[in-house]
Amino acid sequence: MEKHFLARIAGLLFIAVTMFVLAACGSEETVTYQAEENGISITLTYTAEGDNVVKQVSESEIEYSALGVTTKEEAEELLAPLVEEYQNINGLTHEIDYQDDKVVEKVTVDYNEADASEIAELEGSMFEGDPTEGISLEKSIELIESQGFEKVE
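These notes cover the structure that comes with them. These numbers were taken from a predicted model, which means no experiment stands behind them.

Relative to strand E4 (residues 52-63), strand E3 (residues 40-49) is paired through ten bridges, and the arrangement is antiparallel. Each residue of the ladder has a partner; that of Glu-49, found in E4, is Asn-52. The hairpin turn running from E3 into E4, its antiparallel successor, is two residues long, and Gly-50 in that turn takes a positive phi close to 65°. Strand direction decides the pairing type here: E4 and strand E6 (residues 102-110), joined by nine bridges, are antiparallel. Paired with Glu-63 across the strands is Lys-102, a residue of E6.

Shown next, in the form of structure tokens:
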């Protein structure tokens, strides 16, 4: 049960890492989406050149109650495997702040530096096809909208 719950949280925390095939050329565009559910608030920001995502940022606030814990120490212990997995990956920056009643997390992936195949293997990452062929902004948006995310104007 706890492993399944941790996998679900990891998916929500890192759903920004959605890998799809389709790369295109064009001007740079930034779009932001947001979702809130059961004590978890996530903001996803994609920067793309044409349809090709070059950077994505996931900013999350997770209440301890959503993790099934009550203290900072319990949250640190629960999330330690996830935090460890995100360390020392080229092109990925992971920041986590354990506050009195919630975790504030920021994950940034720079696809100009990151190995998309390595990112695709992280817990919570979802992709279709060959991740080395690029990340489609259009397909990423379709996925997160199907997960309940709404565009921030």
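Picking up after the structure, the text goes on.
Our next topic: unusual backbone geometry. The general pattern is negative phi for most residues beyond glycine and trans for most peptide bonds. In this structure, Asn-38 is a non-glycine residue whose phi angle is positive, near 50°. Note on placement: Asn-38 falls in the loop between strand E2 (28-37) and E3. With a phi angle near 60°, Asn-88 is a residue other than glycine that sits in the positive phi range. By the secondary structure assignment, Asn-88 is in the loop between helix H3 (72-85) and strand E5 (92-98). For Asn-88, a relative accessible area of 79% translates into the label exposed.

A few words on the pairing of E5. On a regular strand, each side chain points to the face opposite its neighbour's, so the side chains alternate between the two faces of the sheet. As paired strands, E5 and E6 are joined by seven bridges and run antiparallel to one another. Following the sheet pairing, Ile-96 is matched in E6 by Glu-105. Hairpin geometry of E5 and E6 is characterised by an intervening segment of three residues between the two adjacent antiparallel strands.

Taken as a whole and assessed by the stated rule, the structure comprises two salt bridges. Salt-bridge contacts for Glu-61 lead to Lys-102; the nearest nitrogen and oxygen are separated by 3.1 Å. Highlighted residues: Glu-61 in strand E4 and Lys-102 in strand E6, separated in sequence by 41 residues. A residue is classified by how much of its surface remains accessible, and Glu-61, at 37% relative accessible area, is partly exposed.

Before going further, it helps to spend a moment on the environment of Ser-146. If you trace the backbone, Ser-146 turns up in helix H5 (residues 137-146). A polar contact is formed between the side chain of Ser-146 and the backbone oxygen of Leu-143, at a distance of 2.6 Å.

Within the largest apolar cluster, 35 residues are counted, with the highest numbers of intra-cluster contacts made by Leu-67, Leu-92 and Ile-119. Going through the elements one at a time, E2, E3, E4, helix H2 (64-67), H3, E5, E6 and H5 are the ones with two or more residues in this core.

Moving on, we get to the environment of Thr-93. Counting through the fold element by element, Thr-93 comes out in strand E5. When its relative accessible area of 40% is taken as the criterion, Thr-93 is described as partly exposed. Between the C-alpha atoms of Thr-93 and Thr-108, which are 15 residues apart in sequence, the distance is 5.1 Å. Dropping the residues within four chain positions of it, Thr-93 is found in contact with Lys-106, Val-107 and Thr-108.

Criteria and cut-off values
Residues numbered from 1 in each chain as written. Predicted model: local features only at pLDDT ≥ 70, side-chain atom pairs only at ≥ 80, totals over all residues. Heavy atoms only, no water. Pairing = 2+ DSSP bridges. Helix = DSSP H or I, 4+ residues; strand = E, 2+ residues; numbered from the N terminus. Buried < 20%, exposed > 50% of the residue type's maximum accessible area, 1.4 Å probe, protein only. Salt bridge = Lys/Arg side-chain N within 4 Å of Asp/Glu carboxyl O. Polar contact = N/O pair within 3.5 Å; in protein donor to acceptor, adjacent residues only side chain to side chain. Core = buried A, V, L, I, M, F, W, Y, C linked by side-chain atoms within 4.5 Å. Contact = heavy atoms within 4.5 Å.

Any functional reading would require information that these geometric values do not contain.
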